[in-house]
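# Inside the fold
Take a look at the letters that make up each chain.
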Amino acid sequence: MLLSDTSITNFIEKLASKSPTPGGGGAAALAGALAAALASMMANLTLGKEKFASVEQEMKLLEGKLAVARAELLKLIDEDANAYQMIMDGYAMPKNTEQEKMLREEYLAKAAQGAALVPLRICQHCAKVAELTERIAKIGNPGLLTDAGCGVIIAGAALESAELNVLVNLPLTHNEAFVADCQKQLALCKAKVQSCKETVLKLINKK
């Protein structure tokens, strides 16, 4: 059974167990999905209300994008576990000869790229969730602004958690261009989430 298909209770029990997966990356992806779900709730509690008829179509579009982000983040729970397993498989490879050492290092470098890209995608989806949440907070039901605040805070925490999993794998890639690009993408994601968080919190404080 996929990790993303387990119940909340079973997922948390597995997270607390001796099993190395799910780990921090999976927890970050789940947190991002929770942030997306909160924003979807806000959209759905705005839709169909006469007071917000002027933003009905945009709200439907926003909710659709959130549904996609939520589904992608849940998929990334399992992708993160698979990426981690590839790293472990690499460490288990023999290294008795120079040939074996070379093959092991090449495999690990490739596996590390995958293990960095999965949490990077988590970060990117979390940034998108924060952006969508900010827009809903601006045009949606103002009675749900605290939910928007919770959403952007959770999305930010999920991003920062996933970022750690990107950074820990970058040295293993031995690819300066790849590392530089990942760092650039991380910076963009973090800046976006921070901006969205500041905007939403200002809206809450004005309420």
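Summary of the structure given here. Everything numeric here is computed off the predicted structure, so don't read it as measured data.

The subject of this paragraph is the nonpolar core. Counting 57 residues, the largest nonpolar core has Ile122 and Ile136 as its most contacted members. Of all the elements in the fold, those that place two or more residues in this core are helix H2 (24–44), helix H3 (56–91), helix H4 (98–139), helix H5 (145–173) and helix H6 (176–206). No other element matches the 16 residues that H4 contributes to this core. Apart from residues lying up to four places away in sequence, Ile136 is in contact with Ala39, Met42, Ala43, Met59, Leu62 and Leu66.

Along the chain, Thr173 falls in helix H5. Here Leu170 takes part through its backbone oxygen, which lies 2.7 Å from a polar atom of the side chain of Thr173. Those residues within four positions of Thr173 in sequence are excluded, and the remaining contacts are Ala109, Ala112, Gln113, Phe178 and Val179.

Closest axis-to-axis distance for the H4/H6 pair is 9 Å, and the angle between their directions is 25°. For the element pair H4 / H6, the angle class is roughly parallel. As H4 runs across H6, the sense of the crossing is left-handed. Here the contact of H4 with H6 is composed, by residue class, of 16 nonpolar, five polar and four charged.

So, how was this worked out
- Residues numbered from 1 in each chain as written.
- Predicted model: local features only at pLDDT ≥ 70, side-chain atom pairs only at ≥ 80, totals over all residues.
- Heavy atoms only, no water.
- Core = buried A, V, L, I, M, F, W, Y, C linked by side-chain atoms within 4.5 Å.
- Buried < 20%, exposed > 50% of the residue type's maximum accessible area, 1.4 Å probe, protein only.
- Helix = DSSP H or I, 4+ residues; strand = E, 2+ residues; numbered from the N terminus.
- Contact = heavy atoms within 4.5 Å.
- Polar contact = N/O pair within 3.5 Å; in protein donor to acceptor, adjacent residues only side chain to side chain.
- Axes fitted to C-alpha atoms, helices over the stretch in contact; angles between N-to-C directions.
- Parallel < 35°, antiparallel > 145°, perpendicular 65-115°, else oblique.
- Left-handed = near helix turned anticlockwise from the far one by under 90°.
- Nonpolar A, V, L, I, M, F, W, Y, C, P; charged D, E, K, R; others polar.

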